[in-house]
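# Observations on chain architecture
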Amino acid sequence: MDIILSWIQASWKGTQSRLLLEHFGEKMKYCEMWWILRWLQTTDNPIGSYLKNLTESWQLVKDEIISGLWWVFMETVADDEMILWDGMLRQIWQTIQITEKMRDKDRLFKVIHLEIPDEEVIKRIQSRLLCKQCQRSFSILQEPTLKVWWKCPNCWWELYIRPDDADINAVRNRIQNFYKGTTPSLEWLAQQWILIRIDWMQDENKIFNQILSLISK
Ligand SMILES: [Zn+2]
């Protein structure tokens, strides 16, 4: 069973992915689009500089590009491996394309959407710190001491708050845009019986056990 973990952009990303990867080990292949894009940006060619420009001007990478990279990733996966995709399905056409491609390849999969109230998303986004060097994100809510040192626990570079994370109107706009694209996607996935909605406000271990029991059915 393959898994697409879908969630609105917020700071506590990665917990469920990490737990799943620890549980399944080498049987599970992980696609984290953010790291693939980061890596591509470091290459000295037109694709690298195109992606770098987008990131530096805080623009989203086009969904067509994400889908393209997803196809490439899928080519690397063996029949007996599980896929974990950590990323949202932002557009209905993208969701349909990915679903069809997975079916073409005879892959069984579920989309697990982590549901969370808007106010909680705002709280999480506004407590997020990013590293200037390695680009990892951290949460003051989870690690309050970061606010004292402002240093990345991963590489010791300086941490900062993204300007559009600090701006409440920008954050609200982002949330609205997210639902504009994903609501039709999620409805369509629900009609296909491949959507699982999980309350993201629960304890992380409880969520993890729910995911495990749902995918082993
Ligand atoms: Zn860092």
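Above: the structure in question.
Reference entry: report on the structure contained in this document. (Residues numbered from 1 in each chain as written. Predicted model: local features only at pLDDT ≥ 70, side-chain atom pairs only at ≥ 80, totals over all residues. Heavy atoms only, no water.)

Quick look at the overall build of the protein chain now. Within the protein chain one finds 10 helices and eight strands. For the protein chain, whose C-alpha radius of gyration is 18 Å, the value lies close to the compact-globule estimate of 17 Å for 217 residues. Taking all 217 residues of the protein chain together, the buried fraction comes to 47%. Across the protein chain, the fraction of contacts at a sequence separation of at least 24, relative to all contacts at a separation of at least 6, is 73%. For the protein chain, the accessible area works out to roughly 12000 Å², and carbon and sulfur atoms hold 54% of it. Here the protein chain contributes 27 positively and 29 negatively charged side chains, and the mean placements of these two sets differ by 3 Å. (Helix = DSSP H or I, 4+ residues; strand = E, 2+ residues; numbered from the N terminus. Rg over C-alpha atoms; globule rule 2.2 N^0.38 Å. Buried < 20%, exposed > 50% of the residue type's maximum accessible area, 1.4 Å probe, protein only. Contact = heavy atoms within 4.5 Å. Areas by Shrake-Rupley, 256 points an atom, 1.4 Å probe, with all protein chains shown as cover. Lys, Arg positive; Asp, Glu negative; His and termini not counted. Charge placed at Lys NZ, Arg CZ, Asp CG, Glu CD.)

Here the focus is the coordination of the zinc ion. In the first shell of the zinc ion, the protein supplies Cys131 (SG), Cys134 (SG), Cys152 (SG) and Cys155 (SG), at 2.2 to 2.3 Å from the metal. Sequence spacing among the residues donating to the zinc ion works out to C-x2-C-x17-C-x2-C. Taken together, the residues Cys134 in the loop between strand S5 (128-131) and strand S6 (137-139) and Cys155 in the loop between helix H7 (146-149) and strand S7 (159-160) connect sequence positions 21 residues apart. Take Cys134: its relative accessible area is 14%, and that puts it in the buried class. Among the residues examined, Cys155 registers a relative accessible area of 24% and is labelled partly exposed. (Donors = N, O, S within 2.8 Å, 3.2 Å for Na, K, Ca; no water.)

With that settled, the discussion passes to the environment of Phe208. Inspection of the secondary structure assignment puts Phe208 in helix H10 (residues 204-215). Linking Phe208 and Leu19, residues 189 residues apart in sequence, is a C-alpha distance of 7.2 Å. Once residues within four sequence positions are removed from consideration, Phe208 is found in contact with Gln16, Leu19, Leu20 and His23.

How two helices pack is summed up by the angle between their axes together with the distance between the axes. Between helix H1 (residues 15-24) and H10, the least distance of the axes is 10 Å, while the angle of their chain directions is 55 degrees. Regarding the angle of H1 to H10, the classification is oblique. For H1 against H10, the interelement crossing comes out right-handed. Counting all contacts with H1, which are made through Thr15, Gln16, Leu19, Leu20, His23 and Phe24, the residues of H10 involved are Glu204, Asn205, Ile207, Phe208, Ile211, Leu212 and Ile215. (Axes fitted to C-alpha atoms, helices over the stretch in contact; angles between N-to-C directions. Parallel < 35°, antiparallel > 145°, perpendicular 65-115°, else oblique. Left-handed = near helix turned anticlockwise from the far one by under 90°.)

Let us now look at the nonpolar core. Of all hydrophobic cores here, the largest spans 28 residues; its most connected members are Ile3, Leu5, Leu20, Ile112, Leu114, Trp200 and Ile211. Per-element accounting of this core gives the leading share, five residues, to H10. In this structure, Leu51, Val61, Phe73 and Leu186 belong to the second largest nonpolar core, which totals 26 residues. (Core = buried A, V, L, I, M, F, W, Y, C linked by side-chain atoms within 4.5 Å.)

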